[in-house]
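Each chain is listed here by its residues.
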Amino acid sequence: MTEVSLDLGHDHANVRPDVHSTVRSARAVPSAECRQSKNGENYERSDLKVLFANKFFFRNGGSEVVMFDVMEQMRHRNVGVVEFSMTDERNIPSEYQSYFVSQKSYRHVSRTDKIKSAISLVHSREAVAKIGKLIADEKPDVLHCHNIYHQLTPSIITAASRAGVPVVLTLHDYKPVCPVYTQLSNGKVCTKCADGQFEAVLKQRCADGSLTRSALLWAEARYHALAGSYHRVGKFICPSKFMREAVVRRFGADKVVHIPNGIDASRIEMSRQDEGYVLYLGRLSSEKGVETLLRTHAASDALWRLMIAGTGPLLADLQRKYPSAEFRGHLGGIELDAAIRGAALIVVPSEWHENSPISILEAMAYGKPIVASNIGGIPELVREGKTGLLFAPGNVGQLSNKITMLLGNRALREAFGRNAREIVEVEHSLKAHGSALLSLYETLARSVGSRKKVGS
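Residues numbered from 1 in each chain as written. Predicted model: local features only at pLDDT ≥ 70, side-chain atom pairs only at ≥ 80, totals over all residues. Heavy atoms only, no water.

Colleague: Which residues make up the packing of aromatic side chains, and what values go with them?
Modeller: Inspection of the entire model under this criterion finds seven aromatic pairs. With a centroid separation of 5.5 Å and 55 degrees between ring planes, the pair formed by Phe-56 and Phe-58 is classed as tilted. Of the residues examined, Phe-56 reaches a relative accessible area of 5% and is grouped as buried. Classification of Phe-58 as buried rests on a relative accessible area of 8%. (Phe/Tyr/Trp six-rings, centres within 6.5 Å; stacked < 30°, edge-to-face > 60°. Buried < 20%, exposed > 50% of the residue type's maximum accessible area, 1.4 Å probe, protein only.)

Colleague: I'd like a rundown of the nonpolar core, residues and numbers included.
Modeller: Counting 104 residues, the largest nonpolar core has Phe-84, Leu-279 and Tyr-441 as the members making the most contacts within it. At seven residues, helix α1 (residues 62–76) tops the list of elements feeding residues into this core. In terms of nonpolar packing, the next biggest core, distinct from the first, is built from 23 residues, Leu-294, Trp-304, Tyr-322 and Val-371 among them. (Core = buried A, V, L, I, M, F, W, Y, C linked by side-chain atoms within 4.5 Å. Helix = DSSP H or I, 4+ residues; strand = E, 2+ residues; numbered from the N terminus.)

Colleague: Which residues make up the sheet that holds strand β12 (residues 306–309), and what are the values?
Modeller: Across the sheet, which stays open at both edges, the six strands sit in the order β13-β12-β11-β14-β15-β16 with parallel pairing between neighbours. In the strand order of this sheet, the two ends are held by β13 (326–329) and β16 (388–391), each with one partner. Neighbour to neighbour, the strand axes of the sheet diverge by 25 degrees on average, direction disregarded. Bridging between β12 and β13 involves three bridges; their strand directions are parallel. Each bridged residue has a counterpart across the sheet, and for Ala-309 the counterpart in β13 is Gly-329. The sheet strands contacting helix α12 (residues 396–407) are β11 (277–281), β14 (343–348), β15 (370–373) and β16, and the helix crosses β16 at an angle near 165 degrees. (Pairing = 2+ DSSP bridges. Axes fitted to C-alpha atoms, helices over the stretch in contact; angles between N-to-C directions. Contact = heavy atoms within 4.5 Å.)

Colleague: So, the sheet that holds strand β9 (residues 235–238): which residues are in play, and what are the values?
Modeller: Spatially, six strands are ordered β4-β3-β5-β6-β9-β10 in an open sheet, and the strand pairing comes out parallel. Single-partner strands in this sheet number two, and they are β4 (80–84) and β10 (256–258). Sheet twist, expressed as the average angle between the axes of neighbouring strands with direction ignored, equals 25 degrees. Inspection of the sheet shows β9 paired to β10 by three bridges, in the parallel sense. Considered in β10, the bridge of Phe-236 is made with Val-256.

Colleague: Explain the environment of Leu-315 residue by residue, including any values.
Modeller: Along the chain, the position of Leu-315 falls in helix α9 (residues 315–321). Along the primary structure Leu-315 and Arg-283 are separated by 32 residues, whereas in three dimensions their C-alpha atoms are 9.2 Å apart. Leu-315 has contacts with Leu-284 and Phe-327, leaving out every residue within four places of it along the chain.

Here you go:
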């Protein structure tokens, strides 16, 4: 029998955790009529309660960074916060952890458990039962989903909807319109499933050329299409305009709203350092385009210093092929902060439709110029000639020219960095992001009755 792997590429740890955000476990909202936030801002008391769902409850990647920051924002605004996730020893403590589903990993599944695991990947009875109990006990006004695929499954959307709780889904990737979530097929950009017809994933074997894994992802997509899971979502939140256009075709303009990601730039002191090296931060996988950057460095005879911060499936192969680059592995805390501060520029060479990477916003908050691929939502953040320079994905010649140009002009790097910091502060503030979300929550809660509580 052929060994079948259930590693579907959606559970990899992101190597760029947020260094600066403070995370707190959920606690009951004080009953005072008005409370002052840690920033000294006063917010009116709110009776709203929001249930946040994400399969990881630790800072695994960008979706968790966004969710934890939003939950903190809601607590500052006196909104009740309830949490739903998967049990994991790395989790941040939560008073709701007794409701969390049991830990599941689809990377190393025994032969005897494959069918059971495949079924739970599509529909989790445990997740439906436990979120149903949590909703009954806590009576949230809104369910806000983030990365729920595979371990929690979109079936929790149906469970909430049937309980009368409106659902918001932040799209960190393309899963509702692409079974493999990346809009990549065998290394090439593909949007054939954007209208909700998923046969292309089978025909093209989009899951790394595997018919078995492609068939499983097709079955998952078809099941939720027939169940109407995603169509029960009240609003899809798209951090980039590019993402919005990608999903409007299937769900319609009325259901999709663009709310840019926000970060608290006040937590990050703008860097005045510049040690002249080029920095890559991210996962070492093919869609991230890191080998394009390494080929560019090698073609220049390593005339400039290149630091690679991250890990991933390509690490060993890339280290062997490109010994002149500095591979620093996973960096966190002080080491990561120092690596960003000392960089002359940061390169984002992605070759897939990036949405709105938090890593780019953080680099901008540090005041760093960015050279990035002109793909997906990246050009909405990296603005040509203002905050950085863009190049055609995979084009070594263009990338080399852009890096050389910036490395040769410190004044230009500093100007781009100042512009980047200003744009983050004005257009991507965490406060503005929180305000937009709160307004959306309140609108959805009113749509099912003013502060209507399930079971009351």
